[in-house]
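Chain residues, written in single-letter form:
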Amino acid sequence: MKPARTLLTLLVFALNLTSCLIIDSARTTQIEIMKPGVFNLPDEINTVAIINRTPYQLDSVPFQYMNGTKIETDTLVKYRTLTNNCVDALSGFFGKEGYFSKVNNYRDSLSVIYSSNETGTITPEELFQKTKSDICIFLDRFNFNVVAMYGFNDVVANGASLSWGIAIKTDTLSYLYNQMDTLIYEASDFPLILSDHAKLNLLATNSAEYLGRSFGSKIIPTWLTVERLYYKSHNQNMLLAEKYALNNEWLKAAEIWNKQTKNKNPKMAAKASYNMALACEMEGKLDAAIDWLVQSYSILKENNEEHKENCQRYIAVLATRKKEIEKLAHQVRNN
């Protein structure tokens, strides 16, 4: 009896191990989704003005950074240049996306707003009249906190903190958007032949341009690349479905996965059910996608904590996505 009991124990252990290994077949793929902007801009908002108001606060502020344990100053890196790079990147982003019919980038020239005999106050009506715009965006605060703990031969962090002002012609309120991010650079991001000054300038310029484009994606709906998890298998049918999916032939992939959701092997059925959720999302059927995730969760709900977490995480993503799509319905324009 003892050998039989040992064999039974090993068999049960093997079954449990096989069940847990579903997570080992998890992979990610990149898809494009449209993310909504912060505001629902009316269709009559067609011209945007971008103005950089920070140089008048920063012109006398030297660019400092932490190099190892020392605070150093680089007089060749100028905040005025960086802030103009930032608004240029925002302007270029809007121009590329084509959401606004016209983009007026005034950079750091406030003369468009204030003439020499004015006191610095201006009414909203005057603002939109002088800028010839329907929405005005101001860069009001700009700060970089660069930390190179081991010089530029290792990881360098840039803690960025920006503030943007937004005034919309059809809105009686103005808005403030605080943009904070930590941008990480590695030594491999810098050509070896560059001096520390050149590396710092490259980092600062790249950061400013990235932050400008990133802020633009908060204002208007934008296509972004995101990652989604799916399960693969050595099963020939599943391999074919994966090939279709990676080629964006989601209906063909779904036809195969749907059949595999009835597979007597619970691991295979759970994988296929999860993948059906991805196919449904790509076809815009988010409620059906959530149903498939619930089914996948239920098939392997024992001894598969990571799979359960994958299902729960994806359900949360899809719930957020449903709200985003509702918002996009008020933002997408038929240009």
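(A) Highlighting the overall build of the protein. From N to C terminus, the protein includes 10 helices and nine strands. Taking 2.2 N^0.38 as the reference for a compact globule, 335 residues should give roughly 20 Å; the C-alpha atoms of the protein span a radius of gyration of 27 Å, well beyond that estimate. Oriented by its inertia axes, the alpha-carbon framework of the protein measures out at about 100 × 50 × 30 Å. Counting only residues that meet the buried cut, the protein has 43% of its 335 residues in that class. Summarising the internal contacts of the protein: among those between residues at least 6 apart in sequence, 71% fall at separations of at least 24.

(B) Inspection of the pairing of strand β3 (residues 63–67) at higher detail. The two faces of β3 differ: Phe63, Tyr65 and Asn67 on one face are buried, but Gln64 and Met66 on the other face are not. Here β3 runs beside strand β4 (residues 70–74); their pairing, made up of five bridges, is antiparallel. Looking across to β4, one finds that methionine 66 is bridged to isoleucine 71. Once β3 ends, the chain turns through two residues before running back antiparallel as β4, passing glycine 68 with a positive phi of about 70°.

(C) How the structure looks around the pattern of salt bridges. Inspection of the entire model under this criterion finds 12 salt bridges. For lysine 169, the salt bridge is made with aspartate 134, and the minimal N-O distance between the two is 3.9 Å. With lysine 169 in the loop between β7 (156–168) and β8 (174–185) and aspartate 134 in the loop between α4 (124–131) and β6 (135–152), the pair connects residues that are 35 residues apart, well separated along the chain. Here the salt bridges share partners, and the residues they tie into one network are Lys35, Arg321 and Glu324.

(D) The packing of aromatic side chains, seen in detail. Scanning the model with the defined rule gives 14 aromatic pairs in all. Ring plane angle 85° and centroid distance 6.0 Å describe the contact between phenylalanine 152 and phenylalanine 190, whose orientation is recorded as edge-to-face. Of the two residues, phenylalanine 152 is situated in strand β6 and phenylalanine 190 in the loop between β8 and α5 (196–219); the sequence distance between them amounts to 38 residues. Of the two residues, phenylalanine 152 and phenylalanine 190, neither departs from the other in class, the shared state being buried. Among the aromatic residues, those joined into a ring-pair cluster are Phe63, Tyr79, Phe142 and Phe144.

(E) Geometry of the packing of helix α3 (residues 79–97) against α5. Between α3 and α5, whose axes approach to 7 Å, the crossing angle comes to 40°. By the criterion of interaxial angle, the relationship of α3 to α5 is oblique. Seen from above, α3 lies across α5 with right-handed handedness. Within the contact between the two elements, α3 uses Leu82, Asn85, Cys86, Ala89, Leu90, Phe93 and Phe94 and α5 uses Ala204, Thr205, Ala208, Glu209, Leu211, Gly212, Arg213, Phe215, Gly216, Ser217 and Ile219. When grouped by side-chain class, the residues that make up the contact of α3 with α5 number 11 nonpolar, five polar and two charged.

(F) Seen up close, the nonpolar core. Phe63, Phe94, Phe100, Phe142, Phe144 and Ile219 are the most contacted members of the largest nonpolar core, which totals 43 residues. Elements that contribute at least two residues to this core include exactly β2 (47–52), β3, α3, β6, β7, β8 and α5. Here the element with the most residues in this core is β6; it accounts for eight residues. In this view, phenylalanine 100 contacts Leu41, Ile45, Asn46, Val48, Phe94, Ile135, Ile219 and Ile220; residues no more than four positions away in its chain are not counted. The next biggest cluster of nonpolar side chains, apart from the first, holds 29 residues, and it includes Trp250, Ala254, Ala272 and Leu278.

(G) Spatial organisation of the packing of helix α7 (residues 250–260) against helix α8 (residues 266–282). Two elements in contact, α7 and α8, have axes separated by 8 Å at closest approach and are oriented at 150°. Between α7 and α8, the interaxial angle falls into the category roughly antiparallel. You can see that α7 and α8 cross each other, and the crossing is left-handed. Facing α7, whose interface residues are Trp250, Ala254, Trp257, Asn258 and Gln260, α8 presents Met268, Ala269, Ala272, Asn275, Met276, Leu278, Ala279 and Met282. Along the lines of polarity and charge, the residues of the contact of α7 with α8 split into 10 nonpolar, three polar and no charged.

(H) The arrangement of the confidence of the model for the protein in detail. Per-residue confidence for the protein averages 89 on the pLDDT scale, and 90% of its residues sit at or above 70. Within the protein, no element has a lower average pLDDT than helix α1 (residues 2–20), which sits at 40, and none a higher one than α7, at 97. Every residue in residues 1–20 scores below 50 in pLDDT, and together they form seven contacts with partners more than four places removed in sequence or on other chains.

Rules used throughout
- Residues numbered from 1 in each chain as written.
- Predicted model: local features only at pLDDT ≥ 70, side-chain atom pairs only at ≥ 80, totals over all residues.
- Heavy atoms only, no water.
- Helix = DSSP H or I, 4+ residues; strand = E, 2+ residues; numbered from the N terminus.
- Rg over C-alpha atoms; globule rule 2.2 N^0.38 Å.
- Buried < 20%, exposed > 50% of the residue type's maximum accessible area, 1.4 Å probe, protein only.
- Contact = heavy atoms within 4.5 Å.
- Pairing = 2+ DSSP bridges.
- Salt bridge = Lys/Arg side-chain N within 4 Å of Asp/Glu carboxyl O.
- Phe/Tyr/Trp six-rings, centres within 6.5 Å; stacked < 30°, edge-to-face > 60°.
- Axes fitted to C-alpha atoms, helices over the stretch in contact; angles between N-to-C directions.
- Parallel < 35°, antiparallel > 145°, perpendicular 65-115°, else oblique.
- Left-handed = near helix turned anticlockwise from the far one by under 90°.
- Nonpolar A, V, L, I, M, F, W, Y, C, P; charged D, E, K, R; others polar.
- Core = buried A, V, L, I, M, F, W, Y, C linked by side-chain atoms within 4.5 Å.
- pLDDT = per-residue confidence, 0-100.

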